[in-house]
Amino acid sequence: MSLQSAVMQNNPLLRHIVATSGDQFQGISPIPTEAVAPIPISDDTDVKNAVSYARQAFELWSYTSMSEREKVMRKLQKLVMRQRHELLDVVQRETGKARAHALEELVHVVMTARFLEKNAADVIKTRSRNGAVPFMTKTTVNHMPVGVVGVIAPWNYPFSLAMIDTLAAIMAGNSVVLKPDLQTTWSALNAVRLLEQAGLPEGVVTVVTGDGPSVGKALVEQADYICFTGSTETGRAIAQQVGERLINASLELGGKNAMIVCADADIDRFVDVALSSCFTSAGQLCVSTERIYIANEIFDAFKSAFVARAKEITLGSHLGWGYDMGSITSKEHLERIVDAVKQARSEGAVVECGGNVRTDIGPLVFEPTVLTNVNRTMEISHKEVFGPVVYLTPFSSIDQAIDMANDNAYGLSASIITKNMRAAGDIAARLNCGSINVNEGFAATFGSVEAPMGGMGQSGSGRRQGPEGILRFTEAQTVSIQRGPTVSRKFGQHDKKWGRRMVLKVRLMRGSRLR
Ligand code: NAD
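Residues numbered from 1 in each chain as written. Predicted model: local features only at pLDDT ≥ 70, side-chain atom pairs only at ≥ 80, totals over all residues. Heavy atoms only, no water.

Undergrad: I tried to follow the sheet that holds strand β12 (residues 350-353) on my own but got confused; where do I start?
TA: Strands pair in a sheet through their backbones, by hydrogen bonds, and they do so in one of two ways: parallel or antiparallel. With respect to topology, seven strands assemble into an open sheet ordered β12-β13-β14-β11-β10-β16-β17, the strand pairing being mixed. On the outer flanks of this sheet lie β12 and β17 (435-438), each paired with one strand and no other. Mean inter-strand twist for the sheet, computed between neighbouring axes without regard to direction, equals 25°. Pairing analysis gives three bridges linking β12 to strand β13 (residues 369-372), with the strands arranged antiparallel. Residue pairing in the sheet places V351 in a bridge with L371 of β13. Strand contacts of helix α10 (residues 267-279): β10 (257-261), β11 (289-295), β13, β14 (389-395) and β16 (413-417), with the helix running at about 155° to β11, the strand carrying the most contacts. (Pairing = 2+ DSSP bridges. Helix = DSSP H or I, 4+ residues; strand = E, 2+ residues; numbered from the N terminus. Axes fitted to C-alpha atoms, helices over the stretch in contact; angles between N-to-C directions. Contact = heavy atoms within 4.5 Å.)

Rendered as structure tokens:
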């Protein structure tokens, strides 16, 4: 069955959703020629049931061997590549993004599945640690799955963000209840379908649907761990809820990412890197660059090259290849972007290019927009736009550039463009961000799936990707086996003798291990 026909009502994909309320959501494709089939909506009881099914599935899945889990990852990589054309259609239909940007989602999933296939077993295997008494205490650490993981995903990268955390959670032995954004449920359903085709037993990943404040909140109420990706505002609400329940969560939140272009930068070479860092997925990307600080010496040259190239970006709003940048995903979000630019203008920002909705190309297409004359009192200087809008500001010293980059509550991603790698290292060490790209926009760290990715400050807590991205879905359990004399003091035992023994033990330890 092709996925083209899969976006029809009564589609078999709908069996992955636990929804009995009888209510439906009718999504609207940002691409005017495309239709999206309605989605049934879950209610609180459905969420409870979904978590309880997931708990049953967990009982079996948590006992599967790592080689069985690896088999699923291996097959998944093949399936994603084989079915890529159909999957790209679904992602484009729901988000309106350019096909090349949709493809990046698929590649990210394949790279993540490969990393997990090759490394998860080693990351979560039981390891020995030094025990309380050398040679007498044998201590090991197990990494136990947490149980049912609630994955709450946004609409901007609907295939990859439904998948990558889910894959790490199931490789650690958990089951998952996934709540995608309503706008992009079909992308998530296709992710779950592929997992089952890859051999994942039914029920290990289930889906609930509905709006965040009701269905998302109900999931946070029921799951054993929450993996949330979305806005800082929602992240804060979820943090309160999980705090109350005393469960763990990883929160992957917003950003206002800066790029620093040093005086020695090769403008011809890096102007396109900067453009793609700002305008991939029409800027609807958490790690996208929204502010560029450029050394005074090259500010004019960089600005004219950047603006000239931004004007050449081709726009489109149809399924398939053939354009550089696609649509904004929803009418509401487009309105927010339009308002942000209007507000910046009213506060004195200069629009160097863009700033217009291009209904001649598609109903939700917004031009790549470059602003100058932005200062720190303006809202746009610190508030995430999450659209194709960037401002350029000159700096007179690296210290000033670093101060401006750090003058923000977020701390997700940053980039540095320079020929001097030593200087890049020094700047990176002074930036308060979870990911730093040197001579790249965001793609270098984003694509480094073996390394952790996440935010500091208001950009969240916890890390996805790398070993850290697997271990967050586990509870560490320490098992110590005591041989020979016991560690603890028997009540009634001669305390001075015991004290002498303890001092001797500490001396021995220092001699053998702590020197
Ligand atoms: P959002 O917070 O509005 O929604 C994200 C998800 O949370 C959706 O599924 C939504 O239904 C759900 N939700 C909303 N309110 C909820 C609640 N009270 N309880 C539980 N779930 C709730 O975010 P958005 O507008 O869809 O996404 C855009 C934001 O996501 C941007 O700020 C962007 O920077 C951020 N983002 C961050 C990353 C990252 O890795 N750090 C990746 C992608 C997007």
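So much for the structure itself; the text now carries on.
Undergrad: Please explain the nonpolar core as it appears in this structure.
TA: Residues F159, L167 and I170 are the most contacted members of the largest nonpolar core, which totals 69 residues. Ranked by residues supplied to this core, first place goes to helix α5 (residues 99-124) with ten residues. Composition of this core by domain shows at least three residues from each of domain 1 (3-253 + 466-475) and domain 2 (257-451). Excluding anything up to four places from it in sequence, F159 contacts V80, L87, V91, E105, L106, V109, S187, A191 and L194. If you look at the next biggest cluster of nonpolar residues, it comprises 61 residues, including V271, I337, V365 and L371. (Core = buried A, V, L, I, M, F, W, Y, C linked by side-chain atoms within 4.5 Å. Buried < 20%, exposed > 50% of the residue type's maximum accessible area, 1.4 Å probe, protein only. Domains from an automatic or database assignment.)

Undergrad: What should I look at first to understand the packing of helix α4 (residues 84-95) against helix α7 (residues 185-197) in this one?
TA: The axes of two packed helices give the description: the angle between them and the distance between them. The geometry of α4 relative to α7 is characterised by a closest axis approach of 8 Å and an angle of 155° between their N-to-C directions. Classified by the angle their axes make, α4 and α7 are roughly antiparallel. Residue-level inspection shows L87, V90, V91 and E94 of α4 in contact with α7, the latter providing T185, W186, S187, N190, R193 and L194. Considering only residue class, the contact of α4 with α7 consists of five nonpolar, three polar and two charged. (Parallel < 35°, antiparallel > 145°, perpendicular 65-115°, else oblique. Nonpolar A, V, L, I, M, F, W, Y, C, P; charged D, E, K, R; others polar.)

Undergrad: Before we go on, may I ask you to explain the domain arrangement of the protein in this structure?
TA: Many authors give the size of an interface as the accessible area that is lost as the parts come together. In terms of domains, the protein is made up of domain 1 (3-253 + 466-475) and domain 2 (257-451). Between domain 1 and domain 2, the C-alpha centre-to-centre distance is 30 Å. Summed over both sides, the interface of domain 1 with domain 2 buries roughly 2,500 Å², with 62% coming from carbon and sulfur. In this structure, the connection of domain 1 to domain 2 is made through zero salt bridges. Across the contact surface, domain 1 and domain 2 share nine residue pairs in polar contact (both at pLDDT 80 or more). Elements with a minimum of two residues in the side of domain 1 that touches domain 2: α4, α5 and α16 (466-471). With ten residues, α5 is the largest single contributor of residues to the side of domain 1 that touches domain 2. A breakdown of the residues in the side of domain 1 that touches domain 2 according to their chemical character gives 13 nonpolar, twelve polar and seven charged. (Buried area = accessible area lost by both parts, 1.4 Å probe. Salt bridge = Lys/Arg side-chain N within 4 Å of Asp/Glu carboxyl O. Polar contact = N/O pair within 3.5 Å; in protein donor to acceptor, adjacent residues only side chain to side chain.)

Undergrad: Honestly, the side chain of E105 in this entry has me stumped. Any pointers?
TA: Within the secondary structure, E105 sits in helix α5. Under the relative-accessibility criterion, E105 is labelled buried at 0%. At 2.9 Å, the side chain of E105 and the backbone nitrogen of F159 are in polar contact. Aside from chain neighbours lying at most four places away, what touches E105 is V91, K97, N156, Y157, P158, F159 and S160.

Undergrad: Sorry, what's going on with the site of the ligand here?
TA: If you check the shell around the ligand, you find 27 residues, and the closest are A153, S231, T234, L253 and E384. A distance of 2.6 Å is found between an oxygen atom of the ligand and a side-chain nitrogen or oxygen belonging to E384. Going through the elements one at a time, α8 (212-222), β8 (225-229) and α9 (232-245) are the ones with two or more residues in the shell around the ligand. If you tally residues by element for the shell around the ligand, the top one is α8, at four residues. Broken down by class, the residue content of the shell around the ligand amounts to 13 nonpolar, eight polar and six charged. (Near = heavy atom within 4 Å.)

Undergrad: Honestly, the sheet that holds strand β20 (residues 474-482) in this entry has me stumped. Any pointers?
TA: Pairing in this open sheet of three strands is antiparallel, and the strands run β3-β4-β20 from one edge to the other. Either end of the sheet is taken by a strand with one partner, and the two such strands are β3 (127-129) and β20. For this sheet, the mean angle separating the axes of adjacent strands, direction not counted, is 30°.

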